[in-house]
Amino acid sequence: MFTFRMFRMELQCSWIFLLLSCLLQSLSAHSGFFTSIGQMTDLLYTEKDLVTSLKDYIRAEESKLEQVKQWADKLDSLTATATQDPEGFLGHPVNAFKLMKRLNTEWGDLESLVLKDTTDGFISNLTIQRQHFPTDEDQTGAAKALLRLQDTYRLDTNTISTGNLPGVTYKSPMTVEDCYELGKIAYSEVDYYHTELWMDQALTQLDQGEDSPTDTVTVLDYLSYAIYQQGDIERALEYTKRLLELDPEHQRAKGNLKYFQFQLEKQKKEADAEPQKTKEQGTTETGKKEPKKKGFREPIPERKKYEMLCRGEGIKMNPRRQSRLFCRYFDNNRHPNLLLAPVKQEEEWDRPYIVRYHDIISNSEIEKIKELAKPRLRRATVHDPLTGKLTTALYRVSKSAWLTGYEHPMIEIINQRIEDLTGLEMDTAEELQVANYGVGGQYEPHFDFGRKDEPDAFKELGTGNRIATWLFYMSDVAAGGATVFPDVGAAVWPKKGTAVFWYNLFSSGEGDYSTRHAACPVLVGNKWVSNKWIHERGQEWRRPCSLKESE
């Protein structure tokens, strides 16, 4: 008996552990909504269901209020008549009976009606759906994405606030509260530059007469402090004075006013003393700067080059180089599977050599891949160069899933198609990775291959380094979302049904550092891609090693 009881307790514990595990997996699957537009679409249907539930609640409340109103109107008329001659009215025995009945029974029924809770259905539905709601992380992530898009594509706050983005179908203006919330999130990240931009936009819309529960004083408080933190004390003082005109008793503003005035006076004294100091030092110091060498140019930071390419600027393809790039029908040296149906190949870039294949994946194949991938999309990861393990990173904002050949025959067909076109072995390649980018989804400049200082990058795979990359574009993107190569000034734009291919390694096995690339933030639209990372092992006879390091 004791043994059976222990067994039963262990069994119950096992079931509880299994239930908790399933719940945690379910919750983790729905975290990070902002990193995938594809999964965010589910939230729209959730919200639609909640609106339907809310309307049912409103109808129930309206029906209850209508009954109460009818009762009140009836009694209002009755009591108005009765109180004109109370004794005469109650002299009628039926009236006397009905008064007793109303006060003893009917008013009790009315009390029950008024107290009747019609919120059960709506609250129950809301409680169930709430476990799948976005978190604070999602809201902050979406806000940061807007700020990232603003910087990358050089958008002013008014353009974003009015919803006038390139390629938009559904225009959505921002309210004062939206602008204020964006400024607050920037403030919490100690990002005073964007705090100023968005608090200023909120102030502008308030000045234009937009109704808002957010008051001007609160906005001015944030705005003046953000401006002060960027060193512009004079403007900070102006906004503080305006704040005090609206709220003369604002304690923080009164303190700031005195402090800003003191700091300005101090700056003025220092400025007045500077010429005298310079004059005194002039006898011992020439103060001359070393002239720059003729023709010298400061190198452009990678971040700036990356953002320029995302905007379609700084592309380094001149007409002479362009004339050497061709389009052709490609059969990969008369490959049997391509002989009767060669594919359209376009040379996108010369160094590194990047080619695009057109009409290489059909709409039905794309939909099947998305259908298989959607339930298993998880936050995309990157290789940590220190540990060699996979981890999430702020510079990669997307969700991804891995599809294997045995899960569906179509995946195996696609893998074979890549092998036919590249001539490379797919058995040692990584599985097909499907990625969907979220709000402002991006993948900042990176290498696909492991560098010499990352000897353990793909050690667990045992298939060597990533020799090449194959990238399917499974959607058109209304604005943004290009694949760019900052070191060489190349940009490849998404086009549904096409794929691009390039080698990450020279045939000598050395890494080609010109293949450092990035996925630009998606400004408008929904970007789906899938890629195949092809590895060294198994390619010994398909791509023989070169004796020269850079070939």
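(A) Up close: the state of the cysteines. For the structure shown, the criterion picks out 1 disulfide. Note on cysteine connectivity: Cys310 is disulfide-linked to Cys520, with sulfurs 2.0 Å apart. The S-S bond linking Cys310 to Cys520 shows a torsion near -90°; that makes this disulfide left-handed. Taken together, the residues Cys310 in helix α13 (residues 302-310) and Cys520 in the loop between β15 (517-519) and β16 (522-524) connect sequence positions 210 residues apart. The pair Cys310 / Cys520 is uniform in exposure class, with both members buried.

(B) Spotlight on the packing of helix α6 (residues 136-152) against helix α8 (residues 176-188). Contact pair α6 / α8: the axes reach a minimum separation of 10 Å and the direction vectors enclose 95°. One element, α6, and the other, α8, form an angle in the roughly perpendicular class. Where α6 abuts α8, its residues Gln139, Thr140, Ala143, Leu146 and Leu147 lie against Glu181, Leu182, Ile185 and Ala186. The residue makeup of the contact of α6 with α8, split by class, is 6 nonpolar, 2 polar and 1 charged.

(C) The packing of aromatic side chains, seen in detail. As enumerated under the stated definition, the model contains 20 aromatic pairs in all. Pairing Tyr187 with Tyr225 gives two aromatic rings, centres 6.1 Å apart and planes at 65°, and the pair type is edge-to-face. Highlighted residues: Tyr187 in helix α8 and Tyr225 in helix α10 (residues 216-229), separated in sequence by 38 residues. Judged by its relative accessible area of 29%, Tyr187 is partly exposed. Site record: aromatic cluster; members linked through ring pairs are Tyr180, Tyr187, Tyr192, Tyr222, Tyr225, Tyr228, Tyr259 and Phe260. For the cation-ring pair, Arg466 lies above Trp533, with the distance from its terminal atom to the ring centre recorded as 3.6 Å.

(D) Molecular detail of the sheet that holds strand β13 (residues 490-492). Spatially, the 4 strands line up as an open sheet ordered β9-β15-β12-β13, and their pairing is antiparallel. Lying at the two open borders of the sheet, with one neighbouring strand each, are β9 (443-446) and β13. The mean inter-strand angle of the sheet, taken between neighbouring strand axes irrespective of direction, is 15°. Bridge count between β9 and β15: 2 bridges; the pairing is antiparallel. Across the sheet, the residue bridging to Tyr443 is Ala519, located in β15.

So, how was this worked out
- Residues numbered from 1 in each chain as written.
- Predicted model: local features only at pLDDT ≥ 70, side-chain atom pairs only at ≥ 80, totals over all residues.
- Heavy atoms only, no water.
- Disulfide = S-S within 2.5 Å.
- Helix = DSSP H or I, 4+ residues; strand = E, 2+ residues; numbered from the N terminus.
- Buried < 20%, exposed > 50% of the residue type's maximum accessible area, 1.4 Å probe, protein only.
- Axes fitted to C-alpha atoms, helices over the stretch in contact; angles between N-to-C directions.
- Parallel < 35°, antiparallel > 145°, perpendicular 65-115°, else oblique.
- Contact = heavy atoms within 4.5 Å.
- Nonpolar A, V, L, I, M, F, W, Y, C, P; charged D, E, K, R; others polar.
- Phe/Tyr/Trp six-rings, centres within 6.5 Å; stacked < 30°, edge-to-face > 60°.
- Lys NZ or Arg CZ within 6 Å of the ring centre and 35° of its normal.
- Pairing = 2+ DSSP bridges.

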